[in-house]
Amino acid sequence: GAPMMIQRLIQSRFVRNIVLVAMGTAGAQAITLAFSPLITRLYGPEAYGVLGTFSAVLSIAMPIAALAYPIAIVLPQSDDDSRGIARLSLFLALGISLIIALIVIVAGAPCAQLFDLEPIAGLLLFIPLAMFLNVLQQIMQQWLIRKKQFKVTARVAISQSLILNISKTGLGWIHPTGASLIVLTTLGQALYALQLWLGARRWTPPQDSILRPQQPLPHPKQLALQYRDFPLFRAPQIIINAFAQGLPVLLLASFFGPSIAGFYTLSRSVMAAPAQLLGQSVGNVFFAQIAEAVNHGKNPLPYLNQATFGAFALALIPFGIIMIWGAPIFAFVFGAQWYTAGQYAQWVALWLLFSLAARPVVATIPVLGMQGWFLVLEILFTSLRVAALALGAVVYRNPLYAVAAYTLMSALFYCSLYIMVISRAHRPRKSP
(Lines give C-alpha, C1' and ligand atoms only; values in the text may rest on other atoms or scores of the structure.)
Protein backbone atom coordinates (compact mmCIF):
# COMPACT_ATOMS: atom_id res chain seq x y z
CA GLY A 1 0.00 0.00 0.00
CA ALA A 2 0.89 3.70 0.23
CA PRO A 3 3.03 3.49 3.45
CA MET A 4 5.16 0.75 1.83
CA MET A 5 5.65 2.90 -1.26
CA ILE A 6 6.67 5.92 0.85
CA GLN A 7 9.12 3.74 2.81
CA ARG A 8 10.62 2.40 -0.45
CA LEU A 9 10.95 5.98 -1.73
CA ILE A 10 12.75 7.12 1.44
CA GLN A 11 15.15 4.16 1.31
CA SER A 12 16.01 4.48 -2.37
CA ARG A 13 19.46 5.83 -3.28
CA PHE A 14 17.81 7.98 -5.95
CA VAL A 15 15.76 9.89 -3.36
CA ARG A 16 18.74 10.16 -0.98
CA ASN A 17 20.85 11.67 -3.76
CA ILE A 18 18.09 14.13 -4.65
CA VAL A 19 17.85 15.17 -1.00
CA LEU A 20 21.64 15.64 -0.87
CA VAL A 21 21.74 17.82 -3.98
CA ALA A 22 18.59 19.65 -2.90
CA MET A 23 20.09 20.40 0.52
CA GLY A 24 23.17 21.94 -1.08
CA THR A 25 21.12 23.92 -3.54
CA ALA A 26 18.56 24.82 -0.85
CA GLY A 27 21.37 26.13 1.33
CA ALA A 28 22.64 28.17 -1.60
CA GLN A 29 19.16 29.53 -2.40
CA ALA A 30 18.44 30.28 1.27
CA ILE A 31 21.62 32.38 1.38
CA THR A 32 20.61 34.18 -1.85
CA LEU A 33 17.08 34.84 -0.54
CA ALA A 34 18.44 36.07 2.81
CA PHE A 35 20.63 38.62 1.01
CA SER A 36 17.99 39.56 -1.62
CA PRO A 37 15.97 42.09 0.43
CA LEU A 38 19.22 43.99 1.06
CA ILE A 39 20.54 43.66 -2.52
CA THR A 40 17.22 44.73 -4.15
CA ARG A 41 17.14 47.84 -1.93
CA LEU A 42 20.75 48.68 -2.85
CA TYR A 43 20.57 48.21 -6.63
CA GLY A 44 16.96 48.95 -7.74
CA PRO A 45 14.99 47.87 -10.85
CA GLU A 46 17.21 49.58 -13.43
CA ALA A 47 20.42 47.75 -12.40
CA TYR A 48 18.46 44.49 -12.47
CA GLY A 49 17.23 45.35 -15.95
CA VAL A 50 20.82 45.81 -17.18
CA LEU A 51 21.92 42.53 -15.55
CA GLY A 52 18.85 40.82 -17.07
CA THR A 53 19.79 42.02 -20.57
CA PHE A 54 23.38 40.79 -20.13
CA SER A 55 22.25 37.41 -18.77
CA ALA A 56 19.76 36.98 -21.62
CA VAL A 57 22.47 37.57 -24.25
CA LEU A 58 24.92 35.35 -22.35
CA SER A 59 22.50 32.43 -22.05
CA ILE A 60 21.88 32.53 -25.82
CA ALA A 61 25.66 32.55 -26.48
CA MET A 62 26.56 29.95 -23.84
CA PRO A 63 25.64 26.71 -25.71
CA ILE A 64 27.76 27.84 -28.69
CA ALA A 65 30.89 27.74 -26.49
CA ALA A 66 31.30 23.94 -26.37
CA LEU A 67 28.40 22.93 -28.67
CA ALA A 68 26.65 21.11 -25.76
CA TYR A 69 29.36 18.41 -25.63
CA PRO A 70 29.81 18.71 -21.82
CA ILE A 71 26.30 17.23 -21.35
CA ALA A 72 27.61 14.01 -22.97
CA ILE A 73 30.25 13.50 -20.23
CA VAL A 74 27.75 11.42 -18.19
CA LEU A 75 26.91 9.00 -21.03
CA PRO A 76 29.92 6.84 -22.06
CA GLN A 77 30.54 3.47 -20.41
CA SER A 78 34.28 4.16 -19.95
CA ASP A 79 35.67 7.01 -17.83
CA ASP A 80 38.40 7.68 -20.38
CA ASP A 81 35.80 8.40 -23.08
CA SER A 82 34.30 10.93 -20.65
CA ARG A 83 37.70 12.49 -20.03
CA GLY A 84 38.12 12.71 -23.81
CA ILE A 85 34.78 14.54 -24.13
CA ALA A 86 35.88 16.93 -21.37
CA ARG A 87 39.11 17.67 -23.29
CA LEU A 88 37.17 18.15 -26.55
CA SER A 89 34.77 20.57 -24.77
CA LEU A 90 37.69 22.56 -23.38
CA PHE A 91 39.42 22.97 -26.77
CA LEU A 92 36.15 24.01 -28.41
CA ALA A 93 35.37 26.52 -25.65
CA LEU A 94 38.79 28.13 -25.91
CA GLY A 95 38.66 28.48 -29.70
CA ILE A 96 35.05 29.68 -29.91
CA SER A 97 35.37 32.18 -27.02
CA LEU A 98 38.45 33.73 -28.66
CA ILE A 99 36.59 34.10 -31.99
CA ILE A 100 33.66 35.81 -30.23
CA ALA A 101 36.06 38.10 -28.33
CA LEU A 102 37.57 39.17 -31.68
CA ILE A 103 34.10 39.86 -33.11
CA VAL A 104 33.23 42.00 -30.06
CA ILE A 105 36.49 43.98 -30.34
CA VAL A 106 35.95 44.62 -34.06
CA ALA A 107 32.16 45.08 -34.24
CA GLY A 108 30.91 45.46 -30.63
CA ALA A 109 29.48 48.98 -30.89
CA PRO A 110 27.42 48.54 -34.09
CA CYS A 111 26.13 45.18 -32.77
CA ALA A 112 24.99 46.82 -29.52
CA GLN A 113 23.13 49.48 -31.51
CA LEU A 114 21.57 46.99 -33.90
CA PHE A 115 20.18 44.74 -31.14
CA ASP A 116 19.12 47.48 -28.72
CA LEU A 117 21.87 46.56 -26.21
CA GLU A 118 23.20 50.07 -25.43
CA PRO A 119 23.01 49.60 -21.62
CA ILE A 120 25.61 46.78 -21.82
CA ALA A 121 27.66 48.06 -24.81
CA GLY A 122 30.79 48.63 -22.70
CA LEU A 123 30.55 45.20 -21.09
CA LEU A 124 30.21 42.97 -24.16
CA LEU A 125 33.76 41.57 -23.74
CA PHE A 126 32.57 39.90 -20.55
CA ILE A 127 30.39 37.63 -22.71
CA PRO A 128 33.16 35.49 -24.29
CA LEU A 129 34.96 35.38 -20.94
CA ALA A 130 31.83 34.21 -19.11
CA MET A 131 31.17 31.65 -21.90
CA PHE A 132 34.59 30.06 -21.44
CA LEU A 133 34.34 30.03 -17.62
CA ASN A 134 30.87 28.51 -17.81
CA VAL A 135 32.19 25.58 -19.87
CA LEU A 136 34.86 24.90 -17.20
CA GLN A 137 32.08 24.87 -14.61
CA GLN A 138 29.89 22.55 -16.74
CA ILE A 139 32.73 20.08 -17.36
CA MET A 140 33.45 19.77 -13.63
CA GLN A 141 29.74 19.54 -12.78
CA GLN A 142 29.02 16.80 -15.33
CA TRP A 143 32.09 14.83 -14.23
CA LEU A 144 30.97 14.96 -10.59
CA ILE A 145 27.44 13.89 -11.64
CA ARG A 146 28.97 10.97 -13.54
CA LYS A 147 30.93 9.96 -10.43
CA LYS A 148 27.74 10.44 -8.34
CA GLN A 149 29.74 12.84 -6.12
CA PHE A 150 26.65 14.80 -5.09
CA LYS A 151 28.21 15.73 -1.72
CA VAL A 152 30.91 17.78 -3.44
CA THR A 153 28.44 19.69 -5.64
CA ALA A 154 26.22 20.36 -2.60
CA ARG A 155 29.08 21.81 -0.52
CA VAL A 156 30.34 23.97 -3.38
CA ALA A 157 26.84 25.34 -4.13
CA ILE A 158 26.61 26.70 -0.58
CA SER A 159 30.08 28.30 -0.41
CA GLN A 160 29.65 29.78 -3.90
CA SER A 161 26.36 31.44 -2.94
CA LEU A 162 27.80 32.88 0.26
CA ILE A 163 30.86 34.42 -1.44
CA LEU A 164 28.84 35.83 -4.36
CA ASN A 165 26.13 37.43 -2.19
CA ILE A 166 28.61 38.98 0.24
CA SER A 167 30.44 40.47 -2.78
CA LYS A 168 27.21 41.84 -4.30
CA THR A 169 26.23 43.46 -1.01
CA GLY A 170 29.70 44.92 -0.44
CA LEU A 171 29.90 46.35 -3.95
CA GLY A 172 26.30 47.58 -3.67
CA TRP A 173 27.28 50.02 -0.91
CA ILE A 174 30.07 51.49 -3.06
CA HIS A 175 28.90 51.17 -6.67
CA PRO A 176 25.30 49.90 -7.04
CA THR A 177 25.06 49.60 -10.85
CA GLY A 178 24.18 46.95 -13.41
CA ALA A 179 27.87 46.85 -14.40
CA SER A 180 28.85 45.78 -10.87
CA LEU A 181 26.35 42.90 -11.01
CA ILE A 182 27.67 41.82 -14.44
CA VAL A 183 31.33 41.79 -13.33
CA LEU A 184 30.49 39.76 -10.21
CA THR A 185 28.35 37.29 -12.19
CA THR A 186 31.26 36.63 -14.59
CA LEU A 187 33.91 36.28 -11.88
CA GLY A 188 31.47 34.09 -9.95
CA GLN A 189 31.66 31.46 -12.69
CA ALA A 190 35.46 31.29 -12.49
CA LEU A 191 35.18 30.82 -8.74
CA TYR A 192 32.50 28.13 -9.15
CA ALA A 193 34.64 26.09 -11.57
CA LEU A 194 37.67 26.41 -9.30
CA GLN A 195 35.73 25.32 -6.20
CA LEU A 196 34.29 22.28 -8.00
CA TRP A 197 37.78 21.25 -9.11
CA LEU A 198 39.30 21.70 -5.64
CA GLY A 199 36.32 19.88 -4.09
CA ALA A 200 36.75 16.98 -6.51
CA ARG A 201 40.48 16.80 -5.65
CA ARG A 202 39.81 16.83 -1.96
CA TRP A 203 36.80 14.51 -1.63
CA THR A 204 37.13 11.94 -4.43
CA PRO A 205 39.65 9.07 -4.79
CA PRO A 206 42.68 9.82 -7.05
CA GLN A 207 41.60 7.32 -9.75
CA ASP A 208 38.36 9.33 -10.12
CA SER A 209 40.26 12.49 -11.08
CA ILE A 210 39.22 14.01 -14.39
CA LEU A 211 42.92 14.67 -15.11
CA ARG A 212 44.13 11.07 -14.66
CA PRO A 213 43.26 8.86 -17.62
CA GLN A 214 43.89 5.11 -17.22
CA GLN A 215 44.65 4.71 -20.95
CA PRO A 216 45.47 7.11 -23.82
CA LEU A 217 42.33 9.16 -24.51
CA PRO A 218 40.31 8.51 -27.70
CA HIS A 219 40.94 10.97 -30.54
CA PRO A 220 38.80 14.14 -30.16
CA LYS A 221 37.54 13.77 -33.74
CA GLN A 222 36.27 10.24 -33.06
CA LEU A 223 34.38 11.39 -29.92
CA ALA A 224 33.07 14.50 -31.72
CA LEU A 225 31.52 12.26 -34.38
CA GLN A 226 30.24 9.64 -31.95
CA TYR A 227 28.33 12.22 -29.89
CA ARG A 228 27.44 14.50 -32.79
CA ASP A 229 23.72 14.62 -31.91
CA PHE A 230 24.70 17.04 -29.10
CA PRO A 231 25.99 19.82 -31.43
CA LEU A 232 23.46 18.91 -34.15
CA PHE A 233 20.31 18.79 -32.02
CA ARG A 234 20.92 19.61 -28.37
CA ALA A 235 22.99 22.81 -28.84
CA PRO A 236 20.42 24.42 -31.21
CA GLN A 237 17.63 23.31 -28.85
CA ILE A 238 19.40 24.97 -25.87
CA ILE A 239 20.08 28.13 -27.89
CA ILE A 240 16.44 28.37 -29.00
CA ASN A 241 15.26 27.69 -25.45
CA ALA A 242 17.64 30.37 -24.08
CA PHE A 243 16.38 32.78 -26.73
CA ALA A 244 12.80 32.01 -25.69
CA GLN A 245 13.70 32.48 -21.99
CA GLY A 246 15.67 35.70 -22.61
CA LEU A 247 13.15 37.17 -25.00
CA PRO A 248 10.78 38.67 -22.38
CA VAL A 249 13.70 40.62 -20.82
CA LEU A 250 14.97 41.89 -24.18
CA LEU A 251 11.46 42.74 -25.42
CA LEU A 252 10.28 44.41 -22.19
CA ALA A 253 13.52 46.45 -22.04
CA SER A 254 13.11 47.54 -25.63
CA PHE A 255 9.35 48.39 -25.40
CA PHE A 256 8.96 49.62 -21.81
CA GLY A 257 12.51 50.51 -20.61
CA PRO A 258 15.07 48.89 -18.25
CA SER A 259 12.98 49.30 -15.07
CA ILE A 260 10.10 47.13 -16.38
CA ALA A 261 12.71 44.61 -17.58
CA GLY A 262 14.15 44.79 -14.05
CA PHE A 263 10.78 43.88 -12.49
CA TYR A 264 10.54 40.83 -14.74
CA THR A 265 14.22 39.92 -14.11
CA LEU A 266 13.71 39.91 -10.34
CA SER A 267 10.46 37.92 -10.55
CA ARG A 268 12.19 35.43 -12.85
CA SER A 269 15.39 35.09 -10.77
CA VAL A 270 13.56 34.76 -7.44
CA MET A 271 11.16 32.16 -8.86
CA ALA A 272 13.91 30.39 -10.79
CA ALA A 273 15.86 29.92 -7.56
CA PRO A 274 13.61 27.20 -6.09
CA ALA A 275 12.86 25.87 -9.58
CA GLN A 276 16.56 25.44 -10.34
CA LEU A 277 17.20 24.06 -6.90
CA LEU A 278 14.63 21.29 -7.25
CA GLY A 279 15.00 20.95 -11.01
CA GLN A 280 18.77 20.45 -11.06
CA SER A 281 18.60 18.05 -8.14
CA VAL A 282 15.89 15.96 -9.80
CA GLY A 283 17.34 16.31 -13.32
CA ASN A 284 20.98 15.53 -12.50
CA VAL A 285 20.32 12.56 -10.24
CA PHE A 286 17.65 11.20 -12.59
CA PHE A 287 19.89 11.60 -15.68
CA ALA A 288 22.56 9.34 -14.15
CA GLN A 289 19.91 6.81 -13.07
CA ILE A 290 17.91 6.64 -16.30
CA ALA A 291 21.08 6.33 -18.42
CA GLU A 292 22.12 3.36 -16.26
CA ALA A 293 18.65 1.75 -16.49
CA VAL A 294 18.47 2.02 -20.29
CA ASN A 295 22.10 0.83 -20.63
CA HIS A 296 20.96 -2.33 -18.82
CA GLY A 297 17.94 -2.71 -21.12
CA LYS A 298 15.32 -1.82 -18.48
CA ASN A 299 12.02 -0.10 -19.31
CA PRO A 300 12.39 3.61 -18.42
CA LEU A 301 8.63 4.29 -18.06
CA PRO A 302 8.10 3.49 -14.34
CA TYR A 303 11.16 5.58 -13.37
CA LEU A 304 9.94 8.42 -15.54
CA ASN A 305 6.40 8.58 -14.16
CA GLN A 306 7.53 8.27 -10.55
CA ALA A 307 10.06 11.08 -10.95
CA THR A 308 7.68 13.37 -12.91
CA PHE A 309 4.79 13.15 -10.44
CA GLY A 310 7.22 13.38 -7.51
CA ALA A 311 8.67 16.59 -8.91
CA PHE A 312 5.19 18.07 -9.52
CA ALA A 313 4.05 17.28 -5.96
CA LEU A 314 7.28 18.72 -4.55
CA ALA A 315 6.83 22.02 -6.40
CA LEU A 316 3.09 22.52 -5.93
CA ILE A 317 3.23 24.11 -2.46
CA PRO A 318 5.93 26.80 -2.95
CA PHE A 319 4.69 27.78 -6.42
CA GLY A 320 1.02 27.60 -5.40
CA ILE A 321 1.64 30.17 -2.63
CA ILE A 322 3.27 32.59 -5.13
CA MET A 323 0.48 32.08 -7.70
CA ILE A 324 -2.02 33.30 -5.08
CA TRP A 325 -0.11 35.92 -3.03
CA GLY A 326 2.90 36.81 -5.22
CA ALA A 327 2.45 40.61 -5.39
CA PRO A 328 2.06 41.40 -1.64
CA ILE A 329 4.86 38.93 -0.76
CA PHE A 330 7.30 40.62 -3.17
CA ALA A 331 6.42 44.13 -1.93
CA PHE A 332 6.94 43.05 1.67
CA VAL A 333 10.22 41.16 1.11
CA PHE A 334 12.01 43.30 -1.50
CA GLY A 335 10.56 46.76 -0.86
CA ALA A 336 7.38 48.50 -2.07
CA GLN A 337 8.92 49.43 -5.46
CA TRP A 338 8.95 45.69 -6.38
CA TYR A 339 5.14 45.11 -6.12
CA THR A 340 4.88 44.86 -9.94
CA ALA A 341 7.60 42.19 -9.94
CA GLY A 342 5.33 40.15 -7.66
CA GLN A 343 2.46 40.39 -10.18
CA TYR A 344 4.78 38.97 -12.86
CA ALA A 345 5.93 36.27 -10.42
CA GLN A 346 2.35 34.97 -10.08
CA TRP A 347 2.43 34.02 -13.77
CA VAL A 348 6.07 32.93 -13.80
CA ALA A 349 5.25 30.47 -10.95
CA LEU A 350 2.68 28.67 -13.12
CA TRP A 351 5.20 28.21 -15.94
CA LEU A 352 8.00 27.05 -13.62
CA LEU A 353 5.74 24.52 -11.89
CA PHE A 354 5.30 22.71 -15.23
CA SER A 355 8.93 23.25 -16.20
CA LEU A 356 10.04 21.57 -12.99
CA ALA A 357 7.71 18.60 -13.37
CA ALA A 358 9.21 18.07 -16.85
CA ARG A 359 12.83 17.85 -15.65
CA PRO A 360 12.90 14.02 -15.60
CA VAL A 361 11.37 14.06 -19.09
CA VAL A 362 14.12 16.38 -20.39
CA ALA A 363 16.78 14.15 -18.78
CA THR A 364 15.29 11.11 -20.57
CA ILE A 365 15.42 12.69 -24.05
CA PRO A 366 19.14 12.06 -24.87
CA VAL A 367 18.91 8.56 -23.39
CA LEU A 368 16.02 7.65 -25.74
CA GLY A 369 17.74 9.36 -28.69
CA MET A 370 14.94 11.93 -29.10
CA GLN A 371 17.07 15.08 -29.46
CA GLY A 372 15.76 15.72 -33.00
CA TRP A 373 12.12 15.62 -31.84
CA PHE A 374 12.97 17.88 -28.92
CA LEU A 375 14.45 20.43 -31.32
CA VAL A 376 11.34 20.41 -33.56
CA LEU A 377 9.02 20.92 -30.59
CA GLU A 378 11.26 23.68 -29.20
CA ILE A 379 11.17 25.57 -32.53
CA LEU A 380 7.38 25.26 -32.77
CA PHE A 381 6.73 26.51 -29.24
CA THR A 382 9.33 29.26 -29.42
CA SER A 383 7.42 30.80 -32.31
CA LEU A 384 4.19 30.48 -30.30
CA ARG A 385 5.87 32.14 -27.29
CA VAL A 386 7.15 35.00 -29.46
CA ALA A 387 3.65 35.50 -30.86
CA ALA A 388 2.15 35.50 -27.34
CA LEU A 389 4.70 38.06 -26.13
CA ALA A 390 4.19 40.29 -29.16
CA LEU A 391 0.42 40.18 -28.64
CA GLY A 392 0.77 41.57 -25.10
CA ALA A 393 3.50 44.11 -25.85
CA VAL A 394 2.57 45.34 -29.34
CA VAL A 395 -1.21 44.88 -29.56
CA TYR A 396 -2.27 45.49 -25.93
CA ARG A 397 0.81 47.56 -24.93
CA ASN A 398 0.60 45.97 -21.48
CA PRO A 399 3.71 44.30 -19.99
CA LEU A 400 1.62 42.12 -17.62
CA TYR A 401 -0.48 40.74 -20.51
CA ALA A 402 2.73 39.98 -22.40
CA VAL A 403 4.17 38.02 -19.45
CA ALA A 404 0.89 36.14 -18.82
CA ALA A 405 0.48 35.05 -22.45
CA TYR A 406 4.13 33.98 -22.61
CA THR A 407 4.01 31.88 -19.41
CA LEU A 408 0.77 30.09 -20.44
CA MET A 409 2.38 29.10 -23.74
CA SER A 410 5.46 27.87 -21.86
CA ALA A 411 3.38 25.68 -19.52
CA LEU A 412 1.67 24.16 -22.56
CA PHE A 413 5.09 23.37 -24.07
CA TYR A 414 6.08 21.20 -21.07
CA CYS A 415 2.77 19.33 -21.14
CA SER A 416 3.32 18.50 -24.83
CA LEU A 417 6.88 17.39 -24.11
CA TYR A 418 5.70 14.97 -21.42
CA ILE A 419 3.11 13.41 -23.76
CA MET A 420 5.71 13.01 -26.54
CA VAL A 421 8.35 11.32 -24.35
CA ILE A 422 5.86 9.04 -22.56
CA SER A 423 4.54 7.72 -25.88
CA ARG A 424 8.14 6.99 -26.97
CA ALA A 425 9.21 5.44 -23.65
CA HIS A 426 6.66 2.66 -24.22
CA ARG A 427 9.11 1.38 -26.83
CA PRO A 428 12.42 1.00 -24.95
CA ARG A 429 15.57 1.03 -27.07
CA LYS A 430 19.17 0.11 -26.35
CA SER A 431 21.32 3.24 -26.11
CA PRO A 432 24.75 3.37 -27.81
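Residues numbered from 1 in each chain as written. Predicted model: local features only at pLDDT ≥ 70, side-chain atom pairs only at ≥ 80, totals over all residues. Heavy atoms only, no water.

Chemist: Go over the overall build of the chain, please, and point to the residues and values.
Modeler: Scanning the chain for helices and strands turns up 14 helices and zero strands. Beginning at the N terminus, the succession of helices and strands in the chain can be written as α-α-α-α-α-α-α-α-α-α-α-α-α-α. The C-alpha radius of gyration of the chain comes to 21 Å, within 12% of the 22 Å expected for a compact globule of 432 residues. Its C-alpha atoms put the chain at 55 × 55 × 40 Å along the principal axes. Residues counted as buried form 53% of the 432 residues belonging to the chain. Once local pairs closer than 6 in sequence are excluded, the contacts in the chain between residues at least 24 apart make up 86%. Just so you have it, the chain exposes about 19100 Å², and 70% of that area is on carbon and sulfur atoms. Once the 27 positive and 10 negative side-chain charges of the chain are each reduced to a mean point, those two points are 9 Å apart. (Helix = DSSP H or I, 4+ residues; strand = E, 2+ residues; numbered from the N terminus. Rg over C-alpha atoms; globule rule 2.2 N^0.38 Å. Buried < 20%, exposed > 50% of the residue type's maximum accessible area, 1.4 Å probe, protein only. Contact = heavy atoms within 4.5 Å. Areas by Shrake-Rupley, 256 points an atom, 1.4 Å probe, with all protein chains shown as cover. Lys, Arg positive; Asp, Glu negative; His and termini not counted. Charge placed at Lys NZ, Arg CZ, Asp CG, Glu CD.)

Chemist: Go over the nonpolar core with me, naming the residues and quoting the values.
Modeler: In terms of nonpolar packing, the biggest core is built from 129 residues, with Tyr264, Phe319 and Leu417 touching the most fellow members. Looking at which element gives the most residues to this core, the answer is helix H2 (residues 13–66), with 21 residues. Once residues within four sequence positions are removed from consideration, tyrosine 264 is found in contact with Pro248, Val249, Leu252, Tyr344, Val348, Trp351, Val403 and Tyr406. (Core = buried A, V, L, I, M, F, W, Y, C linked by side-chain atoms within 4.5 Å.)

Chemist: I'd like to hear about the pattern of salt bridges, residue by residue, with values.
Modeler: Within this structure, the stated rule accounts for five salt bridges. With a closest N to O distance of 2.9 Å, aspartate 79 and arginine 146 form a salt bridge. A residue pair is termed long-range when its members are at least 10 positions apart, and aspartate 79 in helix H3 (residues 79–114) and arginine 146 in helix H4 (residues 126–146) qualify at 67 residues. Judged by its relative accessible area of 13%, arginine 146 falls in the buried class. Between aspartate 79 and lysine 147 there is a salt bridge, and its shortest N-O distance comes to 2.6 Å. (Salt bridge = Lys/Arg side-chain N within 4 Å of Asp/Glu carboxyl O.)

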